[in-house]
Amino acid sequence: MSLNVESTRIPTVLAPPPLRLIDDAGHPVDESQTGGFTLPDTATLLSLYRRMVIARRFDVQVTALTRQGRLATYPSALGQEACEIAAVSALDSGDWLFPTYRDSIALLTRGVKPADILASFRGDWHSGYDYYEHRIAPQATPLATQALHAVGLATAAKLKRDSTVALTLLGDGATSEGDAHEAFNFAAVWQAPVVFLVQNNQFAISVPLDKQMACRTIADKAIGYGMPGYFVDGNDVAAMFAVTSAAVDAARAGKGPTLIEGLTYRIEAHTNSDDPSRYRNAADVDVWRGRDPIERLEKFLLSEGALSEAERASIAQEAEDTAAATRECMTVQAVVDPLELFEHVYANPRPALAEQRAALAAELAEDSATTAASTVTTDSTATTANTETDARA
Amino acid sequence: MSHTIAGVATRSPETLTMASALNAAIRDAMTDDPTVVLFGEDVGPLGGVFRVTDGLYAEFGETRVSDSPLAESGIVGTAIGMAMYGMRPVVEMQFDAFSYPAFQQIVSHVAKMRNRTRGKIALPIVIRIPYAGDIGGVEHHSDSSEAYWTSTPGLTVVSPSNPADAYSMLREAIASDDPVIFMEPKSRYWTKAELTLPVTTAPMASAVILREGTDVTLLAYGPTVKTALATAELATAEGLSIEVIDLRSLSPFDDATVSASLRKTSRVAVIHEAAQFGGYGAEVAARLTERNFFYLAAPILRITGFDIPYPSPKLEEYFLPTPDRILAAISRWEWS
């Protein structure tokens, strides 16, 4: 007997329209339709616009660098700027962000330098910024694991009576992982000051959402955990900011966690090693290009008279400067020290690692001696390299 | 038991089981360091299924001792976030095989965080895992998972075999800035000793010679230390002098102490409950052979559990390494 999946499923209930404050055409949504959320003020919207434009330019630049073969990999967030920028903008400087590998533009917006963001994707080191200075956890590659870290950190802050909130970013695929469930459940039971922001970009690499889950929305899942859930237009930065800010405020006020789903779309491939034409139609991508989060806000701001040409040009220039700085950092090769391999494994030094370190140092010394011997002595660079290696050894 | 008053130890000798020594270690660590927090399944009012956390909830309250939802990945994952915020979490996995849902968090994050962040994020977490068999536990309650953890760089893996070490090593583990997998042999929880706390034994990373001998070195840890000592006792009747070393720390491995013993006796056997193939004993035998081949009079033996899933209670006596089995194995060496 074959199982008829369709007939055994609970009839699909149509998802409600996502919450939005500015519609696709850039018009404000009537307040009777916004669930009590109101448009952020103009200064805030301008700031969100500026941050999105700069983030977009950075993302496009890094993708280009990947295509030039100058980065090992880069997961683009093109089209997801509204979710990313809202997440960062809703936080105070003392709050913590727990990002995934796709959230580099959130790091940029929180002040991390391009060179430090790209340390991992260049292959220099696993993760390359000052976590405590920026209050950003290392970008997590295993899915949903960082959500538990966010819950733990937020709980520790609560125990210490600090006002710190943790916001964690997840993808739609990550919500299928057990750790997402455990994080939602722990947070709700412990009333942890944490905000879960799921960027539903509709694909987990190649697997579409309807093969990922059978319920209406990810936000609906919040009901089962006993916390508020919001289904938001992830391409409307005004709505994303309003809802995320409210969730952060609620967490800070001791009201526990919130689950937010931003419905968006991944315009680019999963990474440069992925061919999206195998699993989705170009026409679908075009539909979503038409819902661009930056264009939408720009239309709104222009129609409100809140964005001047001079301002737009100034922001565009700032974006170009960021792109230039990003290219510039690629011209400087990070100095990698092979012996650093052994430096950060344990706080307490181990004899066995010291032995392995010594063995590598000996190999390096031998290599550079061979190089020096086979190089004419007038080649000063070889001599310098040799000296440096000896000094390390 | 008397308690520390105003920082002055006013304790007298008392008979402690390993479980109560562990309990005292956690209590003293929590008293000395307000950042130490304890959580896991049933560690609160119940005091843990083995009563290792007995009374701590009443003494320190829910902010420092708490029952977590039943989810091991969640326990370890949230401990990571707490450690990032300046706490020193001590978490319990309740039973060995229950730690497997947390494998991802332990291997991908606990072990690697220092390395990924170039030393900027330290995770001073102690993950207590009651492990091994010989207590008549049903399936999934008697595993020896040490090889998974010892083959993961970034973790410290230790296992005490007696109450004094249990206290001393747990205090050191909680104070350590490295994450520690603290493996508690369930069958030894009720082992008793007369102690005056606080007690400090050998450094956690070192192996200890429990019994001197000249003919054979037996390497054991956790549950098999008692077995090795019993073997040595039996062997004296046969005129065989056995040295017994309690490894205590599985990672790091104390090469110096063990190699010195090997060079004295020239014959070594490793005893553990876990399966043999790809097991911890294989690493011990290989590294000792690499360093000491010309001092060996015979191949290094492994007397271990069979390469099968841990058996049901009525069969475990056939599975566990026994003194007879160890002596029989040793007797098959060529003795000249």
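The rules we used
- Throughout, a residue's number is its position along its own chain's written sequence, starting from 1.
- All chains are assigned letters beginning at A, and all ligands numbers beginning at 1, according to the order in which they are written.
- Side-chain atom pairs in this predicted model are given and counted only at pLDDT of 80 or more, local residue features only at pLDDT of at least 70, and totals for whole chains, interfaces and linings cover all residues.
- Side-chain numbers come from the whole structure's heavy atoms, not from hydrogens or water.
- A residue's pLDDT is simply how confident the predictor is in it, with values from 0 to 100.
- In what follows, residue pairs with any heavy atoms lying within 4.5 Å of each other are defined as contacts.
- Here a Phe, Tyr or Trp ring, Trp counted by its six-membered ring, pairs with any other such ring whose centre lies within 6.5 Å, and the pair is stacked when the planes are under 30 degrees apart, edge-to-face when over 60, and tilted otherwise.
- Put simply, DSSP marks the helices as runs of H or I at least four residues long and the strands as runs of E at least two long, and each gets a number from the N terminus on.
- The rule is simple: take the accessible area with a 1.4 Å probe, protein chains only, and divide by the maximum for that residue type; under 20% is buried, over 50% is exposed, in between is partly exposed.
- Two limits define a charge over a ring: the Lys NZ or Arg CZ must be within 6 Å of the ring centre, and within 35 degrees of the ring normal.
- Residues enter a nonpolar core if they are buried and are Ala, Val, Leu, Ile, Met, Phe, Trp, Tyr or Cys, with the set joined through side-chain atoms within 4.5 Å.
- Note on pairing: two strands pair once DSSP finds at least 2 bridges between them.
- Only the stretch in contact is used when a helix axis is fitted, and all axes are lines through C-alpha atoms; the angle between N-to-C directions ranges over 0 to 180 degrees.
- Angles below 35 degrees are treated as roughly parallel, those above 145 as roughly antiparallel, those between 65 and 115 as roughly perpendicular, and all remaining angles as oblique.
- Take the far helix as your reference; a near helix turned counterclockwise from it by less than a right angle gives a left-handed crossing, and one turned clockwise gives a right-handed crossing.
- In this count, Pro and Cys sit with the nonpolar residues alongside Ala, Val, Leu, Ile, Met, Phe, Trp and Tyr, while Asp, Glu, Lys and Arg are called charged and the others, Gly among them, polar.
- Residue count minus one, scaled by 1.5 Å, sets the expected span of a helix.
- Definition of a polar contact: a pair of N or O atoms within 3.5 Å, with one able to donate and the other able to accept a hydrogen when the atoms are protein atoms, and with sequence-neighbouring residues admitted only if both atoms are side-chain atoms.

### Some points on the confidence of the model for chain A
All names here are of chain A.
Point 1. Looking at chain A as a whole, its pLDDT mean stands at 91, while 92% of the residues score no less than 70.
Point 2. Confidence drops under a pLDDT of 50 for residues 1-11, and excluding neighbours within four residues, the segment shows three contacts in the predicted structure.
Point 3. Note on residues 378-393: pLDDT under 50 across the span, and 14 contacts to partners over four residues away in sequence or across chains.

### Quick look at the packing of aromatic side chains
Point 1. For the structure on display, the rule yields 25 aromatic pairs over all chains.
Point 2. A centroid spacing of 4.8 Å and a plane angle of 80° characterise the contact between A:F184 and A:F196, whose relative ring orientation is edge-to-face. Pair noted here: A:F184 is in helix α9 (residues 178-190) and A:F196 is in strand β3 (residues 194-200), with a separation of twelve residues, a long-range link.
Point 3. Summarising the aromatic geometry, the rings of B:F103 and B:W149 are spaced 5.5 Å apart at their centres and angled 40° between planes, so their arrangement reads as tilted. Of this pair, B:F103 sits in helix α4 (residues 103-110) while B:W149 is found in helix α6 (residues 146-150), placing the two residues 46 residues apart along the sequence.
Point 4. Classification of B:W149 as buried rests on a relative accessible area of 0%.
Point 5. A network of ring pairs unites the aromatic residues B:F50, B:F95, B:F98, B:Y189 and B:W190 as a single cluster.
Point 6. In this structure, B:R267 is placed above the aromatic ring of B:W335, and the distance from its NZ or CZ to the ring centre is 3.9 Å.

### Focus: the nonpolar core
Point 1. Grouped together as the largest cluster of nonpolar side chains are 147 residues, with contacts concentrated most on A:F196, B:M84, B:I127 and B:L247.
Point 2. Ranked by the residues each element gives to this core, the list is headed by helix α2 (residues 42-67) of chain A, at eleven residues.
Point 3. In this structure, B:A25, B:I26, B:V65 and B:I174 belong to the second largest nonpolar core, which totals 36 residues.

### Focus on the sheet that holds strand β10 (residues 216-220) of chain B
All names here are of chain B.
Point 1. On the basis of which strands lie adjacent, the open sheet formed by five strands has the order β9-β11-β10-β13-β14 and mixed pairing. A strand with exactly one partner marks an edge of an open sheet, and here the two such strands are β9 (208-211) and β14 (301-305). When strand polarity is set aside, the average angle formed by the axes of neighbouring strands in this sheet is 30°.
Point 2. Bridge analysis of β10 against strand β13 (residues 268-275) gives three bridges, and the strand direction is parallel. What sits directly across from L219, in β13, is V270.

### A look at the packing of α2(A) against helix α3 (residues 81-89) of chain A
All names here are of chain A.
Point 1. Direction vectors running N to C along α2 and α3 enclose 125°, while the axes themselves pass 10 Å from each other. Considered as vectors, α2 and α3 are oriented oblique to each other. α2 and α3 meet at a crossing whose hand is right-handed. Residues L48, R51, M52, A55 and R56 of α2 lie in contact with α3, whose contacting residues are E81, A82, I85, V88 and S89.
Point 2. Of the residues contributing to the contact of α2 with α3, the split by class is six nonpolar, one polar and three charged.

### Side note on the environment of A:E133
Point 1. Topologically, A:E133 is positioned in helix α7 (residues 131-134).
Point 2. With 14 residues separating them along the chain, A:E133 and A:A119 place their C-alpha atoms 17 Å apart.

### Description of the confidence of the model for chain B
Point 1. The predicted model of chain B has a mean per-residue pLDDT of 96, with 97% of residues at 70 or higher.
Point 2. At the level of chain-chain contacts, confidence expressed as ipTM amounts to 0.93, with global pTM at 0.93.

### Section: helix α11 (residues 237-252) of chain A
All names here are of chain A.
Point 1. Between the first and last C-alpha of α11 there are 22 Å, a value that for 16 residues agrees with the 22 Å anticipated at 1.5 Å per step.
Point 2. Most of α11 sits out of view: 13 of its 16 residues are buried.
Point 3. For α11, the side-chain oxygen to backbone nitrogen distance between the N-cap and A238 is 3.1 Å, and the N-cap itself is D236.
Point 4. G254 sits one or two residues past α11 and shows a positive phi near 85°.

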